[in-house]
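# Chain and residue survey
Chain by chain, the residues:
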Amino acid sequence: MTGLDRARRIVVKVGSALVAGEAGPDTAWLAAFAADLARLRARGQQVLVVSSGSIALGRHRLGMGRRKLTLPEKQACAAAGQSALMRAWEEALEPHGLTAAQVLITKNDTEMRRRWLNAHATLSTLLSLGVVPVVNENDTVVTEEIRYGDNDRLAARVAQMIGAEVLVLLSDIDGLYTADPRSDPAARRLPRIERLTPEIEAMAGGANAAAGVGTGGMATKIMAARIAQSAGCATIITLGRRPAPLAAIEAGEAATVIEPALSAAAAYKAWIAGSLATAGALVIDDGAARALAGGKSLLAAGVKAVSGRFDKGDAVRIIDEAGREIGRGLARYDSADAEKICGLKSGAIEAALGFTYGPMVHADDLALAARASA
Ligand code: GLU
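Reading guide: rules and limits
Residues numbered from 1 in each chain as written. Predicted model: local features only at pLDDT ≥ 70, side-chain atom pairs only at ≥ 80, totals over all residues. Heavy atoms only, no water. Helix = DSSP H or I, 4+ residues; strand = E, 2+ residues; numbered from the N terminus. Expected span 1.5 Å × (residues − 1). Buried < 20%, exposed > 50% of the residue type's maximum accessible area, 1.4 Å probe, protein only. Core = buried A, V, L, I, M, F, W, Y, C linked by side-chain atoms within 4.5 Å. Contact = heavy atoms within 4.5 Å. pLDDT = per-residue confidence, 0-100. Pairing = 2+ DSSP bridges. Axes fitted to C-alpha atoms, helices over the stretch in contact; angles between N-to-C directions. Polar contact = N/O pair within 3.5 Å; in protein donor to acceptor, adjacent residues only side chain to side chain. Salt bridge = Lys/Arg side-chain N within 4 Å of Asp/Glu carboxyl O. Parallel < 35°, antiparallel > 145°, perpendicular 65-115°, else oblique. Nonpolar A, V, L, I, M, F, W, Y, C, P; charged D, E, K, R; others polar.

### What to know about helix α2 (residues 27–42)
Between its first and last C-alpha, α2 extends 22 Å over 16 residues, near the 22 Å set by a 1.5 Å rise per residue. The complete set of buried residues in α2 reads Trp 29, Leu 30, Phe 33, Ala 34, Asp 36, Leu 37, Ala 38, Leu 40 and Arg 41. Two residues or fewer past α2, Gly 44 is found with a positive phi of approximately 90°.

### Topic: the nonpolar core
The biggest cluster of nonpolar side chains holds 49 residues, and the ones touching the most others in it are Val 11, Leu 48, Leu 123, Val 135, Leu 167 and Leu 176. With seven residues, the top contributor of residues to this core is helix α7 (residues 151–162). Ignoring sequence-local partners within four residues, the contact set of Leu 48 consists of Ile 10, Val 11, Val 12, Leu 123, Leu 127, Pro 133, Val 135, Val 158 and Ile 162. Of all hydrophobic cores here, the second largest spans 37 residues; its members include Ala 20, Ala 84, Leu 85 and Val 257.

### Points about the confidence of the model for the chain
Taken as a whole, the chain shows an average pLDDT of 89; of its residues, 94% reach a score of 70 or greater. Ranking the elements of the chain by mean pLDDT puts helix α5 (residues 107–111) last with 76 and strand β4 (residues 46–51) first with 98. Note that pLDDT drops below 50 for residues 211–215; the model gives that stretch 11 contacts with residues more than four away or on any other chain.

### Here we look at the sheet that holds strand β14 (residues 325–330)
What the five strands build is an open sheet, ordered β12-β11-β13-β14-β15; its pairing is mixed. In this open sheet, the two edge strands, each paired with only one partner strand, are β12 (303–308) and β15 (366–368). Each adjacent strand pair in this sheet contributes to an overall mean axis angle of 25°, direction not counted. Two strands pair when backbone bridges link them, and β14 and β15 are joined in this way by three bridges, in the antiparallel orientation. Among the inter-strand pairings, Gly 327 is bridged to a residue of β15, identified as Leu 368. Packed on one face of the sheet, helix α11 (residues 264–274) meets β14 and β15 and runs near 110° to β14.

### Observations concerning the side chain of Glu 137
Residue placement: Glu 137 occurs in strand β6 (residues 132–137). Since its relative accessible area comes to 2%, Glu 137 is described here as buried. Among the polar contacts listed, one links the side chain of Glu 137 to the backbone nitrogen of Tyr 148, at a separation of 2.7 Å. Setting aside residues no more than four positions away along its own chain, Glu 137 makes contact with Leu 104, Ile 105, Val 142, Ile 146, Arg 147, Tyr 148, Gly 149, Asn 151 and Leu 154.

### Thoughts on the pairing of β4
Extensive coverage of β4 is indicated by the burial of six of its six residues. In β4, alternate side chains face the same way, and those of Gln 46, Leu 48 and Val 50 on one face and Val 47, Val 49 and Ser 51 on the other are all buried. As paired elements, β4 and β6 share two bridges and run parallel to each other. Within β6, the position partnered with Val 50 by the bridge is Val 135.

### What about the sheet that holds strand β7 (residues 166–171)?
Sheets are built from strands that pair by backbone hydrogen bonding, the pairs being arranged parallel or antiparallel. Strands sit in the order β5-β6-β4-β1-β7-β9-β10-β8 across an open sheet of eight strands; the sheet is mixed. Two strands bound the open sheet, and with one partner strand each, they are β5 (100–105) and β8 (192–193). In the sheet, strand β1 (residues 9–14) pairs with β4 via six bridges, with the strands oriented parallel. Looking at β4, one finds that Arg 9 is bridged to Gln 46. The strands that α2 touches are β1, β4, β6 and β7; relative to β4, the one it contacts most, it runs at about 155°. Its contacts with the sheet put α7 on β1, β4, β5, β6 and β7, and the angle it makes with β1 is roughly 170°.

### Details of the pattern of salt bridges
The tally for this structure, following the rule as stated, stands at 17 salt bridges. A salt bridge links Lys 13 to Asp 152, with the shortest nitrogen-to-oxygen separation between them at 3.1 Å. One end of the pair, Lys 13, is in strand β1; the other, Asp 152, is in helix α7, and 139 residues separate them in sequence. The residues Lys 13 and Asp 152 share a single accessibility class, namely buried. One salt bridge connects Asp 337 with Lys 340, and the closest N-O pair in it is separated by 3.5 Å. Of this pair, Asp 337 and Lys 340 both sit in helix α13 (residues 335–341), three residues apart, which is roughly one turn of that helix. For Asp 337, a relative accessible area of 15% translates into the label buried.

### Comments concerning the packing of helix α3 (residues 54–61) against helix α4 (residues 71–93)
At a minimum axis separation of 6 Å, α3 and α4 run at an interaxial angle of 100°. The angle between the axes of α3 and α4 places the two elements in the roughly perpendicular class. Residues Ser 54, Ile 55, Leu 57, Gly 58, Arg 59 and Arg 61 of α3 pack against Lys 74, Cys 77, Ala 78, Ala 80, Gly 81, Gln 82, Ser 83, Ala 84, Leu 85 and Arg 87 of α4. Among the residues making up the contact of α3 with α4, the classes are represented as seven nonpolar, five polar and four charged.

Right under this line is the structure:
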């Protein structure tokens, strides 16, 4: 059981070796994979693809041969190759009535809170519109210091960002082995990993380091799995070079599954509750406190006072009328706008600000403190 058949949101990372053939996109593999993916979409599952291949396709388009490229040359190849990559995805998905949408992101988009929220909102909107986002790193503009460089970790960050339950890393090997299976006949594939122990990391970094001809190799796959695990997302590493790799996973064919540490929604709330420095606070009335306890969003109408200075997307403390912190959440308005709308009914926000982002804190972005039973 891998959970792939039940997951609401799935991220599939596709490496360069799968999409880029010797003479351009591997249209046969892409067509078969698109059919596999369309099957999941038809079941109502939301699928996001992280696709490499811009540099490989650009290298071919710009006639660079096989020589080692400088960083500016790689970036030039990425620019020329990314459009070819998207055309290939569009042509593969269109026969299934699926629309692809290109999303190019940088490390800052996944690490700076405001940009993170922005990217999160865009990707969630695309997914709920039934589109298949095709994500890649924006290789053309990122510099060495700020790039991921490998799409394994990028895919794990994206999985975390959209609250995916499953991350599939399609590789040139069908999972993580105890040793290099090409040279050690005693090498054994690990079908299921609950905890990423130092021994497992050593396996990925040692004998298996060369497995995976892409930028990543097994070591970055395990790093990606660690990010996913703490975000409540399972990681499945399996062989990509077959016509229907997702169907193969569901049929129980060889793979390594790395279990999530907790549910994706719980991991997101734990991140809000714990890992952020709060920049301000919202004091709310008793009615709003009851609504929050019942799973509702915090509306501006229930906010009595705003303190501190914060930006849209910052974590704020939520304080009840008695002065107790009852939770934390991500504010949808900065502190200046929050002050202007506190106490206002939702319908009056647009008139006050000229725009509205909805509630002050959405229920999805709210982590309530565990109640002391008193
Ligand atoms: N972003 C790179 C590309 O599209 C690939 C990175 C990787 O191979 O993981 O070519």
